[in-house]
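Residue-level listing of the chains:
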Amino acid sequence: MEKKNIDWSNLDFGYIETDKRYVSTWKDGAWDEGRLIGDSMITMSECACVLQYAQTIFEGIKAYETVDGRIVTFRPDLNAERFASSAERMEMPVFPRDRFVDSIKKVVKANAAYVPPYGTGATLYVRPYMFGINPVIGVKPATEFQYRVFTTPVGPYFKGGAKPITIRVSDFDRAAPHGTGHIKAGLNYAMSLHAIVDAHNQGYDENMYLDPQTRTKVEETGGANFLFVTKDNKIVTPKSNSILPSVTRRSLMHVAEHYLGLEVEEREVYLDEVKDFAECGLCGTAAVISPVGKVVDHGKEICFPSGMEEMGPTITKLRETLTGIQMGTIEAPDGWIVEI
Ligand SMILES: *Cc1c(COP(=O)(O)O)cnc(C)c1O
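Residues numbered from 1 in each chain as written. Predicted model: local features only at pLDDT ≥ 70, side-chain atom pairs only at ≥ 80, totals over all residues. Heavy atoms only, no water.

Chemist: I would appreciate a short explanation of the packing of helix α5 (residues 247-258) against helix α6 (residues 313-327) in the present structure.
Modeler: Each packed pair of helices is defined by two parameters, the angle between the axes and the distance between the axes. Between α5 and α6, the least distance of the axes is 10 Å, while the angle of their chain directions is 105°. Taken as axis vectors, α5 and α6 run roughly perpendicular relative to one another. Contacts between α5 and α6 involve T248, S251, L252, V255 and A256 on the former and, on the latter, L318, T321, L322 and I325. Split into classes, the residues belonging to the contact of α5 with α6 amount to 6 nonpolar, 3 polar and no charged. (Axes fitted to C-alpha atoms, helices over the stretch in contact; angles between N-to-C directions. Helix = DSSP H or I, 4+ residues; strand = E, 2+ residues; numbered from the N terminus. Parallel < 35°, antiparallel > 145°, perpendicular 65-115°, else oblique. Contact = heavy atoms within 4.5 Å. Nonpolar A, V, L, I, M, F, W, Y, C, P; charged D, E, K, R; others polar.)

Given below as structure tokens:
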């Protein structure tokens, strides 16, 4: 496979059009057989449900080359499952889980020339999504949907080392109690745009969102789950039904327990106890885990002992182990690595 002539190591996390995408349509109560197409543009009614009422969900997964030159993805079955629960919550038809995984394979294979070579740190980001496309003016779910998958090569998340970031405790909420925080719906991101722009304007990298009901417990950021390390080296992650269940976070918890022999705990985490942790990281597909050096709560600074210069030792170990599993240098649990 001749790779495209791209400066892989200097790619950003941005959109670059690749050759093929997958599309399948739901109409008259059934999905069509689906196909790969070349056209990256979508034409739809001005009154399409997605445009008026934001009926849209998505997933994010990456494909990459392993040390021995295979092209693989990481745990796509979990994305398929999460996509199905997002669809159900949004009154959309479920795209069959096996077809979801198959469509990812098809699109990655068709764009194999865009899969960054091993060792560049870059990956091919895969974006499955679904939206209501027929005209809807009275508020109700669409009756026609498109399921699509496109890919875009993205650069290494950390260029020249992962510097710890500073986050603030947000006065905005990302999810309502009993709302849609636990699914990957575009509307959750629409909600977060003002909060993140405001955080950046105030000099912070990210928002720490609290539970919307009592505003005393840690939930997550706009796009990543928290993972804390206690001073006696236990791994703690917040539990809440409005947190999006991150595949990366669940994988890191498994790695902590079964590869590193650490005690792990998923439980409610109060903002008051954040000051007692030794390390803090943010988990998501794009960065795997990014270190947090400081949390600012309305002017009060909580500085983790790991500091602002480098990642703490336990988060470093977690990150190295999981990326080793992904890249094929450390043996993976059964079913985690899916070959294209
Ligand atoms: C996608 C997402 C994450 C990260 O999930 P991964 O499956 O690890 O990529 C975390 N929080 C939110 C709100 C998300 O949308």
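Let us keep going from here.
Chemist: What exactly am I supposed to notice about the nonpolar core here?
Modeler: The nonpolar side chains of soluble globular proteins are, as a tendency, buried together. With 31 residues, the main nonpolar core has I57, F95, F100, V108, M130 and Y147 as its most contacted residues. Elements with a minimum of two residues in this core: β5 (61-65), α2 (76-89), α3 (97-110), β7 (123-132) and β8 (145-154). When residues of this core are assigned to their parent elements, the largest contribution, 5 residues, is made by α3. With residues near it in sequence (within four places) discarded, M130 still touches W31, Q55, T56, I57, F83, A87, M92, P93, F95, F145, Q146 and Y147. F74, I235, V288 and I325 belong to the second largest nonpolar core, which has 25 residues in total. (Core = buried A, V, L, I, M, F, W, Y, C linked by side-chain atoms within 4.5 Å. Buried < 20%, exposed > 50% of the residue type's maximum accessible area, 1.4 Å probe, protein only.)

Chemist: Explain a nonpolar patch on the surface to me, please; I cannot follow it from the model alone.
Modeler: Together, Y53, I137 and V139 make up a nonpolar patch on the protein surface, roughly 340 Å² of accessible area in all. Here V139 shows up in the loop between β7 and β8. (Patch = residues over 30% accessible without salt bridge, like charges linked within 9 Å, V, L, I, M, F, W, Y side chains within 5 Å. Areas by Shrake-Rupley, 256 points an atom, 1.4 Å probe, with all protein chains shown as cover. Salt bridge = Lys/Arg side-chain N within 4 Å of Asp/Glu carboxyl O.)

Chemist: Looking at this structure, I do not really get the environment of K105. What am I missing?
Modeler: By the element assignment, K105 lies in helix α3. Separated by 16 residues in the primary sequence, K105 and G121 place their C-alpha atoms 21 Å from one another. Beyond its immediate sequence surroundings of up to four residues, K105 is in contact with V338, E339 and I340.

Chemist: Would you take a moment to explain the pattern of salt bridges for this structure?
Modeler: Side chains that differ in charge, positive against negative, can pair when their charged atoms come close. For the coordinates displayed, the defined rule picks out 19 salt bridges. Put simply, E81 and R97 hold a salt bridge, and the shortest N to O gap is 2.9 Å. With E81 in helix α2 and R97 in helix α3, the pair connects residues that are 16 residues apart, well separated along the chain. E81 gets classed as partly exposed once you look at its relative accessible area, which sits at 41%.

Chemist: Just checking my understanding: could you explain α2 for this structure?
Modeler: Since the α-helix advances by 3.6 residues per turn, residues separated by three or four positions end up pointing in the same direction. For α2, built from 14 residues, the straight-helix expectation of 20 Å at 1.5 Å per residue is met to within 8% by its first-to-last C-alpha distance of 20 Å. Within the span of α2, buried status applies to P76, L78, N79, A80, R82, F83, A84, S86 and A87. Of the residues one or two after α2, E91 is the one with positive phi, at around 55°. (Expected span 1.5 Å × (residues − 1).)

Chemist: Explanation requested: α6 in the structure shown.
Modeler: Its 15 residues place the ends of α6 21 Å apart at the C-alpha level, agreeing with the 21 Å of an ideal helix rising 1.5 Å per residue. Residues of α6 that are buried include every one of T314, I315, L318, T321, L322, G324, I325 and Q326, and no others. Note on α6: the residue one or two positions beyond its end, G328, has a positive phi of about 90°.

Chemist: Mind showing me how you'd approach the site of the ligand here?
Modeler: The environment of the ligand is formed by 16 residues, the closest being K184, Y189, S246, T248 and T285. A distance of 2.6 Å is found between an oxygen atom of the ligand and a side-chain nitrogen or oxygen belonging to S246. Taking T248, its side chain carries an N or O atom lying 2.6 Å from an oxygen atom of the ligand. If the ligand stood free it would expose 390 Å²; the protein chains cover 96% of that surface. Breaking the shell around the ligand down by element, the ones donating at least two residues are α5 and β14 (279-284). Taken together, the residues that form the shell around the ligand break down as 5 nonpolar, 7 polar and 4 charged. (Near = heavy atom within 4 Å. Polar contact = N/O pair within 3.5 Å; in protein donor to acceptor, adjacent residues only side chain to side chain.)

Chemist: Sorry if this is basic, but what is going on with the environment of T230 here?
Modeler: Mapped onto the elements, T230 comes out in the loop between β11 (225-229) and β12 (235-238). Linking T230 and C280, residues 50 residues apart in sequence, is a C-alpha distance of 9.1 Å. Contacts of T230, omitting those with residues within four sequence positions, involve V236, F277 and A278. Among the polar contacts listed, one links the side chain of T230 to the side chain of D232, at a separation of 2.6 Å.

Chemist: Would you take a moment to explain the side chain of T221 for this structure?
Modeler: Looking at the element boundaries, T221 is found in the loop between β10 (206-208) and β11. Classification of T221 by relative accessible area gives buried; the value is 1%.

Shape descriptors only; they carry no functional weight alone.
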